[in-house]
Amino acid sequence: MARARLTPERLTRAGADLADELGFEQVTVSELARRFDVRVASLYSHLKNSHDLRTRIALLALEELADRAADALAGRAGKDALTALANVYRDYAREHPGRYAAAQFRLSPEAAAAGAGVRHAQMTRALLRGYDLAEPDQTHAVRLLGSVFNGYVSLEMGGGFSHSAPDTQETWSRILDALDALLRNWPPAP
């Protein structure tokens, strides 16, 4: 077998590409070894196991998403920021379906704390300051936005809206209008 210059970073990127090709759930150390034309055992000096590989891919995806979100949000507020953030998630999912699925992977508390998930929450909270939401409503709103973005994108990518009108872009725009209206008129706590 050919000798490959393997590093954890190179394997992670190759695993992320593999996830986009085959689906995140199909990514294994064995499949990665086939891609590099090396024995599986040679990867274990760089990766612990398939779970470690998936965790690394998830952290990479979260980092890529956070970088895109930061760029998209720079200088924006209110509905403009909301739309920019939402479109980052939707566009990333379309471009990198396996990586997007990886970003939903359940991480250990240690990995989550060290990853870019914290940046995602911070950026969403910064966006929400434009809507003048205080705690605990801010946390509720962060969860709402994540649920709507992920839910819509997952259903759309799974073909859930492909057999009916109107066009999914029109629905997406209307959802963002509705979220903006809700955030500007957040209901008081009971």
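This one's a predicted model, so the numbers in the text were calculated from it and none came from an experiment.

Chemist: Which residues make up the pattern of salt bridges, and what values go with them?
Modeler: In the structure shown here, the tally under the stated rule is 18 salt bridges. Measuring nitrogen to oxygen at the nearest pair gives 2.5 Å for the salt bridge that ties Asp-20 to Arg-99. Taken together, the residues span a long stretch of sequence, with Asp-20 in helix H1 (residues 8-22) and Arg-99 in helix H6 (residues 97-102) at a distance of 79 residues. As far as the burial class goes, Asp-20 and Arg-99 line up, both buried. The salt bridge involving Glu-31 is made with Arg-34; its shortest N-O contact spans 2.8 Å. Placement of both Glu-31 and Arg-34 in helix H2 (residues 29-36) is noted, with a separation of three residues, approximately one turn of the helix. Beyond isolated ion pairs, a larger network of salt bridges with shared partners links Arg-13, Asp-17, Asp-20, Glu-64 and Arg-99.

Chemist: Quick rundown of the nonpolar core? Include the residues and the values.
Modeler: Core analysis: the largest hydrophobic core is formed by 58 residues, its most contacted members being Leu-127, Leu-128, Phe-149 and Leu-183. Looking at this core, the elements that each hand over two or more residues are H1, H2, helix H4 (50-73), helix H5 (78-95), H6, helix H8 (117-129), helix H9 (137-157) and helix H10 (168-184). Per-element accounting of this core gives the leading share, 11 residues, to H4. For Leu-128, the residues in contact, after removing those within four places along its chain, are Leu-133, Gln-138, Ala-141, Val-142, Leu-145 and Leu-183.

Chemist: Any chance you could break down H10 for me, citing the residues and the numbers?
Modeler: Across its 17 residues, H10 extends 24 Å between first and last C-alpha, which sits within 8% of the 24 Å expected from 1.5 Å per residue. What H10 keeps buried is the set Thr-168, Trp-172, Leu-176, Leu-179, Asp-180 and Leu-183. Buried positions in H10, seen along its axis, are confined to an arc of 125° and lie on one side of it. Every exposed residue of H10 that faces more than 90 degrees away from the buried side is listed here: Arg-174 and Arg-184. Tucked inside the fold, the buried residues of H10 contact H5, H8 and H9. With a side-chain oxygen lying 2.9 Å from the backbone nitrogen of Gln-169, the N-terminal cap of H10 falls on Asp-167.

Cut-offs used in this document
- Residues numbered from 1 in each chain as written.
- Predicted model: local features only at pLDDT ≥ 70, side-chain atom pairs only at ≥ 80, totals over all residues.
- Heavy atoms only, no water.
- Salt bridge = Lys/Arg side-chain N within 4 Å of Asp/Glu carboxyl O.
- Helix = DSSP H or I, 4+ residues; strand = E, 2+ residues; numbered from the N terminus.
- Buried < 20%, exposed > 50% of the residue type's maximum accessible area, 1.4 Å probe, protein only.
- Core = buried A, V, L, I, M, F, W, Y, C linked by side-chain atoms within 4.5 Å.
- Contact = heavy atoms within 4.5 Å.
- Expected span 1.5 Å × (residues − 1).
- Arc of directions from axis to C-beta.
- Polar contact = N/O pair within 3.5 Å; in protein donor to acceptor, adjacent residues only side chain to side chain.

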